[in-house]
Protein chains: 4
Amino acid sequence: MAHKKTQDDGKIWGGRFSEGTNAFVERFTASISFDKRLYQHDIDGSIAHAKMLAKGGIITDIEESEILAGLEDIRKEIADDNFEWSVKLEDIHMNIESALTKKIGEIGKKLHTGRSRNDQIATDIRLYARDQLDQISNIITLVQRNLLDLAERESNTIIPGFTHLQVAQPITFGHHMMAWFEMLNRDFERFQDCRKRLNRSPLGSAALAGTTFPIDRQYTADLLGFDSPIPNSLDAVSDRDFIIEIAAAGSLLMTHLSRFSEEIVLWTSAQFNFIELPDEYCTGSSIMPQKKNPDVPELVRGKSGRVLGHLVSLITLMKSQPLDYNKDNQEDKEPLFDLIDTIKDCLYAYSQIIPAIKCNKISMRLSATKGFSTATDLADYIVKKGLAFRDAHEIVGKTVAYAIREGIDLAEIPLDKFSEFSPLIEDDVFKVLTLEGSVNARSHFGGTAPNQVLTSIEIARSNLEMR
Amino acid sequence: MAHKKTQDDGKIWGGRFSEGTNAFVERFTASISFDKRLYQHDIDGSIAHAKMLAKGGIITDIEESEILAGLEDIRKEIADDNFEWSVKLEDIHMNIESALTKKIGEIGKKLHTGRSRNDQIATDIRLYARDQLDQISNIITLVQRNLLDLAERESNTIIPGFTHLQVAQPITFGHHMMAWFEMLNRDFERFQDCRKRLNRSPLGSAALAGTTFPIDRQYTADLLGFDSPIPNSLDAVSDRDFIIEIAAAGSLLMTHLSRFSEEIVLWTSAQFNFIELPDEYCTGSSIMPQKKNPDVPELVRGKSGRVLGHLVSLITLMKSQPLDYNKDNQEDKEPLFDLIDTIKDCLYAYSQIIPAIKCNKISMRLSATKGFSTATDLADYIVKKGLAFRDAHEIVGKTVAYAIREGIDLAEIPLDKFSEFSPLIEDDVFKVLTLEGSVNARSHFGGTAPNQVLTSIEIARSNLEMR
Amino acid sequence: MAHKKTQDDGKIWGGRFSEGTNAFVERFTASISFDKRLYQHDIDGSIAHAKMLAKGGIITDIEESEILAGLEDIRKEIADDNFEWSVKLEDIHMNIESALTKKIGEIGKKLHTGRSRNDQIATDIRLYARDQLDQISNIITLVQRNLLDLAERESNTIIPGFTHLQVAQPITFGHHMMAWFEMLNRDFERFQDCRKRLNRSPLGSAALAGTTFPIDRQYTADLLGFDSPIPNSLDAVSDRDFIIEIAAAGSLLMTHLSRFSEEIVLWTSAQFNFIELPDEYCTGSSIMPQKKNPDVPELVRGKSGRVLGHLVSLITLMKSQPLDYNKDNQEDKEPLFDLIDTIKDCLYAYSQIIPAIKCNKISMRLSATKGFSTATDLADYIVKKGLAFRDAHEIVGKTVAYAIREGIDLAEIPLDKFSEFSPLIEDDVFKVLTLEGSVNARSHFGGTAPNQVLTSIEIARSNLEMR
Amino acid sequence: MAHKKTQDDGKIWGGRFSEGTNAFVERFTASISFDKRLYQHDIDGSIAHAKMLAKGGIITDIEESEILAGLEDIRKEIADDNFEWSVKLEDIHMNIESALTKKIGEIGKKLHTGRSRNDQIATDIRLYARDQLDQISNIITLVQRNLLDLAERESNTIIPGFTHLQVAQPITFGHHMMAWFEMLNRDFERFQDCRKRLNRSPLGSAALAGTTFPIDRQYTADLLGFDSPIPNSLDAVSDRDFIIEIAAAGSLLMTHLSRFSEEIVLWTSAQFNFIELPDEYCTGSSIMPQKKNPDVPELVRGKSGRVLGHLVSLITLMKSQPLDYNKDNQEDKEPLFDLIDTIKDCLYAYSQIIPAIKCNKISMRLSATKGFSTATDLADYIVKKGLAFRDAHEIVGKTVAYAIREGIDLAEIPLDKFSEFSPLIEDDVFKVLTLEGSVNARSHFGGTAPNQVLTSIEIARSNLEMR
């Protein structure tokens, strides 16, 4: 019998459940502790709804004015932290509606006409998520801008290109940064695609079947900046695809950031020593002041798991739910909120880190020199002189093996030795074997040559302008 | 000591590793057992590459002709199952290249000029995935067409709408089917969005930095039907976003199908008894011939976990990988292949099931009648007579409580009793309390009224036409 | 261009990053907002460490006394909410150590001798997790006790046993509850297994390599109730297996609870109508007072995704981390805390729901009667009279088909008709065809017969006693 | 309109569905393509069942003999690949039973008496999984033995210990290997724990409720080597916990292997250059013969995602399934089979790699020398002379800062300079500052000192002996 046991329930369960059944269930089922974050959007949605009710003659213009004024008062109270939240009132909707009725009396009871909490919460989350996507998109753009600046600054800087973490070919650091840029470009696109599907209005779907009041869903959709009303009321109140899509796009984005982070952790290690990070993004140790732990990139790398976890949680949440609204769906908010906060923080961190990256060019160059990184250039050279690719490969293989045995670099092989391996190799080979020769030779669209990198940067800049 | 142990390695490890180290490593690292599925696309890619080499004068026109003819021969041999695969040659690329050189001699060795297996495999998977996305899109459209037909057929059929699996309000079965339609519509959109990002050409990126040959990436992109070349060679060979995106869109699609399946399992239970499935999609029991197990929907429901698993596997695969190509990436293919097969099978199953669904209308209607499903209609009725929404709610609460005590339905309450609860209730209330009255009254865009459902179907049909 | 853009950064990013770089990094990297939860265990660990330092003569007895007194003061201050937390001090360790030094002066600076935050945090989490596992184990036991009582109460109550949600054979409700009991039994075992591996002491491993001070790891392990010190210091500070194991055991537990929840949602639907839940665990609707939404089970079902999400997050977090401590690991705490809270709440909810379940026995029985649920009994009957199993099956198939055509139940088929299907069927068949006959006949270990269920309950009770 | 469309279904769907509905459903629902792997265990289970039927007089001894002989014939036919599998017969059970009846006639039809496919498949998978767990346990032991040998061989070899991938303190390579050993030790324990819960017999639970035949579940459990029969028949046929548990233990194991792999990839990079791998576990490049890509570790790292994916798939599969058997469960086998194969392969790969690791001791040592890795030793030294830990820390911080400015190592600081930082520093400090001094000083249980490592190895060896 391994675990401790006592007679006192408080001890047994850590006092968590001393609250009594009703209070427990209230706490367990209430969402106000987290959905209060939606207050701006709940009020915006209510205002649009009230305007529509007035336009359709379901409430009077005077009632509309009172409701709008009351809601704006409440908005201010909440913003000023002068609002009293109640767990008994369960959620953001009832907290606000109840405050409204307290404030403006009977008229407040009319606000919920032709509406249900089911379409109300669906509207709130969409409005919230849209705002957040726009903020995320803006930070992505900022990170991309900073990448372009860095890539431009280091368009000539040579760094080894790795495959299998083994030196493969020399590339330019600017080219490498542009690979990061491209990843973020797709992330941006994905959030925009997601926004299309998110920006549709569920308002007017009521509990699940629509309402018997003569509502105007197009009007509320317009007021709230939605592209259109959602075509099916059942779908409108049960759909959480857009949350899962944000989580999926977010997981991909975080996967990219985890890859950047891995590289930064590698590059700042004493063994690589390729870059230096600004002190603010590292922690030292009181005892080892030379130690600069890349804490921020490490945390970002770790947080990629967090966002993936939320994605899994959300998909599992929806699995096998019959239509229409089920209480399970309340579990959609906390992962959404947390993943959005996480993504914004991690992007912001990179927006600050990138401009501050300092390249240790000598160290990078030294690494690129090792490992016969221009062997492919030699092979291409021989092919251009007339040999078939696979045969050229074989010759280079033998040449490199020779260089290893001799402990010298390719460029150090004397021409007459080269000729032994292939008579096609002539004096002009040595230009091909330099790092600059190698990167400059890859001068086609998408290649690592500095001029190509600069062209890519230019195109990218003008694309960002058009966002 | 719980587990069995023997001296004989074969026994200890089930004979799996009797192969010797080299054979083990060969098997462990080779991909030919699964990537042979890509042969069509590998050959298509090689043909485009050869044409580009010829156009650029890197090979002669005669060499081009021989290579093309050789590749087409190989394509035929593989299609006819006359091709000898070799694990020693590791992958699809080397199997085909080696066969080509055997077939056409030295010229075959020139095909790989200006190319690497890194950009070759990236090209192959994109071509394969594009084909598969198109097939998936087509099957989605088929399922949607069948849903429209079913929704039209049952646009007047009444079924209870549930929240929390409790009867909430009557809806039409056509309306319910249109909710399924909408889910698939978003799935279709997502696959199209994914296709945009997928349909870009990595060819010409070579190992990671581009090549020193004067290649024309736009030309190969055009030949292969890609929208454009990928702007950065490092990104082009390491990017697997499109696979993850397919997995994410597929997971959402499967989540939808799991929800359809859950409903079908419920509806075919003796307790619900809402629909009947065609025999072919069920299994019986030799001993209980009346038993019709909804095997196909159950399997589809189960397979939603399978696709989510692949999504997780792929994101975890890419997490923290430094650029550029790492061998880990070989693990991208099996999940992709399996999830595509799974999605196609499950969609196809639904394309066949949907037209064959038979509604037990009496049973559906009976369920909708129970549970005071028109209570909301009564509340709306009172509001329209002038009471505030929350006050009307309270009155209906009391009325229903009375009906429960009396064991009668709302429509069975005599008018004078109604008047006791509210003098606003008059003779016209009874029309409001019928199922037909209820559904017909929800006649705005997206509402459950049969005329709205028919309008939605019409719009949807013309949208499908424009695909 | 779909997303909004403004010049004002506050607007663009929602004001999140107005804090300035240093404050941002401080907030981003600090853990005090969540690790303060560990204060009891941090103090317990420090006390054990101080005692060991004194015992080994590394600090004096007087220093020990002052440190202990200071720590107990701090413990009280935190418990009384009189402690001032500082984000600048990053984490729980530095907050407490700093307060100690403020309180007792120079001596406080000696506490950290021979220790590092790496082994300190590892110790804290293990102590915390152990307490929580014990609490979870106790609540599991409570739920199991309540299940035994319910199973005993309803050991004779007949309910249909389903496969594929189709009625298969009659079973007893007590038997069904004992299946739930068994699932929880394995959950209990798993948490106990997990506890073994968790209850080992990392203290004394220091940063990663151990320390140069003459520490006594066995002594601190004993003081803290650990079974033994962890044998390798590198492993001790980097191991987070126990957290993942808790998450895995928790995911399985939540999967079980999701299955219970699904059944409860089904059983409380109007269509099944098998049980009634106490009002406190449902929410009604102000307008439909008869509606009892099973909110609590639905939420529990939804929360199963949440715990699985944390499991995925934690495994992904650890994937590919090189030894030894990396900052990524800070991401282990929030998922752990949240999953523990979630598990405890969900178990507690079930501990309260189970005793309050009311069976609608008539409804259950009626469902069991339908669907020829005793067809297997008829087949077994014929086999016992001498026919082979597969042949008996065939005969029963024909008999049931006849009953369906006639619209009668098996027990309503007249004997002479039975004889037509098989001469082996005699007068004693009718006893076999009753629900009671069916369940009573399955009277072997683990079978559904009431007497077997009662035996199982008895065994289970005495097993629980031995915990 | 982005995707292609043709009139020809074969083209649209890639010919996948040309098979016709019945053949499609047959293929979609059949499991024989993968569950044939269970044939040994299916036959073992049937033999035990037949023996029990005979013992209980339910079949005669002659019938038993014929059944046993028939089953052994079939076993041989399958082993010799002389067995004709049929998709029409759906699964392994019906394929074998049908062959048996063909072979021995009517008697074959009696085998299934008192049994159902539900308890049969549950028995089969448990027997299969038990065998596989034992094999996995054996390979883990092999890897551990090889680790002990390597750790012993390199117990004195110095390598830097990293935190945040920054050099922290010198450790011994043997110590590092023992951290890997400990991880595998927990993996072994977890599989053993899992085995306890797995090794219980579902046989006799029939469809879900038990059977009316006088079966002896203890007897079949004994014959099959199960520890006991499962106490509840409903639970017995629906429980898949053991599969999820294997997947969870497997995911943790693979997480460990991903960490080993990450380290090996780092250590074999030109920048670290700590170890060399045997050629067989790398691939070179025909063009860069010096390049040794660590393909096998990379693949293992990638495969950690694969196993996590299966875990997620399995938990999601079971989420919300009502009791009892549902067809969804058929989806449990493919992930189980694949994850077991994956785990065995990856472990086997490591069992071969580990003995072949060659340490570049000079390179390791050089790295450990850099980065003031003995700064902690200096601080401990000062504390031992009487200063408080935090004060000593401050002094060392200043000393290191000085060394950085001067571009010298700690050991190169002259004594009089040391005295300026603290008068407590005396001549004996220089011993403390050596790498050997540092590792030898950490000589307590679990510390990195070579003598401690050797002690750990000895203990570990004797523990392995007792398995």
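Fair warning: this is a prediction, and the values are worked out from it, not measured in the lab.

1. Notes on unusual backbone geometry
Across the chain, the bulk of peptide bonds are trans and the bulk of non-glycine residues have phi less than zero.
Then, number 1: In this structure, Asp324 of chain A follows Leu323 of chain A across a cis peptide bond, with omega equal to 5°.
Then, number 2: By the element assignment, Asp324 of chain A lies in the loop between helix H12 (295-318) and helix H13 (333-353).
Then, number 3: Its identity is not glycine, yet Leu165 of chain C carries a phi of approximately 55°, on the positive side.
Then, number 4: Mapped onto the secondary structure, Leu165 of chain C falls in the loop between strand E1 (158-163) and strand E2 (166-172).
Then, number 5: In this model, Asn273 of chain D sits at a positive phi of 55°, which is unusual for a non-glycine residue.
Then, number 6: By the secondary structure assignment, Asn273 of chain D is in the loop between helix H11 (241-267) and strand E5 (275-276).

2. Things to note about the domain arrangement of chain A
All names here are of chain A.
Then, number 1: We note that the domain assignment places domain 1 (20-113), domain 2 (137-159 + 172-366) and domain 3 (367-465) within chain A.
Then, number 2: Placing a centre on the C-alpha atoms of domain 2 and another on those of domain 3 gives a separation of 38 Å.
Then, number 3: Facing 21 residues of domain 2, the contacting portion of domain 3 comprises 19 residues.
Then, number 4: Our enumeration of links across domain 2 and domain 3 arrives at 3 salt bridges.
Then, number 5: Close ionic contact of Arg461 with Glu152 constitutes a salt bridge, the shortest N to O distance being 3.0 Å.
Then, number 6: Joining domain 2 to domain 3, the criterion identifies 13 residue pairs in polar contact (both at pLDDT 80 or more).
Then, number 7: Of all elements in the fold, only helix H7 (117-153), strand E1 (158-163), helix H8 (173-198) and helix H14 (361-369) reach the threshold of two or more residues within the side of domain 2 that touches domain 3.
Then, number 8: Top contributing element to the side of domain 2 that touches domain 3 by residue count: H7, with 7 residues.
Then, number 9: Within the side of domain 2 that touches domain 3, the residues separate by chemical class into 9 nonpolar, 8 polar and 4 charged.

3. Quick look at the relation of the copies chain C and chain D
Then, number 1: The two copies are related by a screw motion: chain C maps onto chain D through a turn of 180° and a shift of 0.0 Å along the axis, at an RMSD of 0.0 Å. Between the two chains, the operation in question is that of a two-fold axis.

4. Structural notes on the packing of aromatic side chains
Then, number 1: With the rule as written, the count across this model stands at 54 aromatic pairs over all chains.
Then, number 2: Note on Phe173 of chain D and Trp267 of chain D: the rings are 5.6 Å apart at their centroids and 55° apart in plane angle, and the pair reads as tilted. Here Phe173 of chain D, found in helix H8 (residues 173-198), pairs with Trp267 of chain D, found in helix H11; they are 94 residues apart in sequence, far enough to count as distant.
Then, number 3: Here the aromatic cluster, defined as three or more aromatic residues joined through ring pairs, consists of Phe162, Phe272 and Phe274 of chain A together with Phe162, Phe272 and Phe274 of chain D.
Then, number 4: Against the face of Phe226 of chain B rests Arg130 of chain B, its NZ or CZ located 5.4 Å from the ring centre.
Then, number 5: Sitting above the plane of the Phe28 of chain B ring, Lys303 of chain D keeps its charged end 5.4 Å from the centroid.

5. Examining the relation of the copies chain D and chain A
Then, number 1: Between chain D and chain A, which share one sequence, the superposing operator has a rotation angle of 180° and an axial displacement of 0.0 Å; the RMSD is 0.1 Å.
Then, number 2: Of the interface residues in chain D, 100% have counterparts in chain A that sit at the interface too, so the contact is made through matching surfaces.

6. Quick word on the interface of chain C and chain D
Then, number 1: Across the contact, 99 residues belong to chain C and 99 residues belong to chain D.
Then, number 2: Interface of chain C and chain D: buried area, both sides summed, is about 8,400 Å²; carbon and sulfur atoms make up 57% of it.
Then, number 3: Our enumeration of links across chain C and chain D arrives at 22 salt bridges.
Then, number 4: The partner of Asp193 of chain C in a salt bridge is Arg197 of chain D, and the shortest N-O contact between them spans 2.9 Å.
Then, number 5: Put simply, chain C and chain D have 57 residue pairs in polar contact (both at pLDDT 80 or more) between them.
Then, number 6: Of the residues in the side of chain C that touches chain D, the class split is 36 nonpolar, 32 polar and 31 charged.

Calculation rules
Per chain, residues are indexed from 1 in the order of the written sequence. Each chain gets a letter, beginning with A, and each ligand a number, beginning with 1, in the order they are written. Only residues with pLDDT of at least 70 get local features here, since the model is predicted, and only at 80 or more are side-chain atom pairs given and counted; chain-wide, interface and lining totals rely on the full set of residues. Just so you know, side-chain values use all the structure's heavy atoms and leave hydrogens and water out. Numbering of helices and strands runs from the N terminus; a helix is a DSSP stretch of H or I covering at least four residues, while a strand is a stretch of E covering at least two. As annotated, the domain borders come from an automatic or database domain assignment. In what follows, a contact means two residues having at least one pair of non-hydrogen atoms within 4.5 Å. Salt bridges are defined by distance alone: a side-chain nitrogen of Lys or Arg within 4 Å of a carboxyl oxygen of Asp or Glu. Counted as a polar contact is a pair of N or O atoms within 3.5 Å, where, for protein atoms, one must be capable of donating a hydrogen and the other of accepting one, and residues adjacent in sequence contribute only when both atoms are in side chains. Here the nonpolar group is Ala, Val, Leu, Ile, Met, Phe, Trp, Tyr, Cys and Pro; Asp, Glu, Lys and Arg are the charged ones; every other residue, Gly included, is treated as polar. C-alpha atoms of residues with pLDDT of at least 70 in both copies form the basis for the least-squares superposition of the copies. Only the six-membered ring of Trp is used, alongside the rings of Phe and Tyr, when aromatic pairs are assigned; centres must lie within 6.5 Å, and planes under 30 degrees apart are stacked while those over 60 apart are edge-to-face, with the rest tilted. Only lysine NZ and arginine CZ atoms are considered, and such an atom sits over a ring when it is within 6 Å of the ring centre and within 35 degrees of the ring normal. Buried area counts how much accessible surface, traced with a 1.4 Å probe, disappears from two parts once they are put together, with both parts' losses summed.

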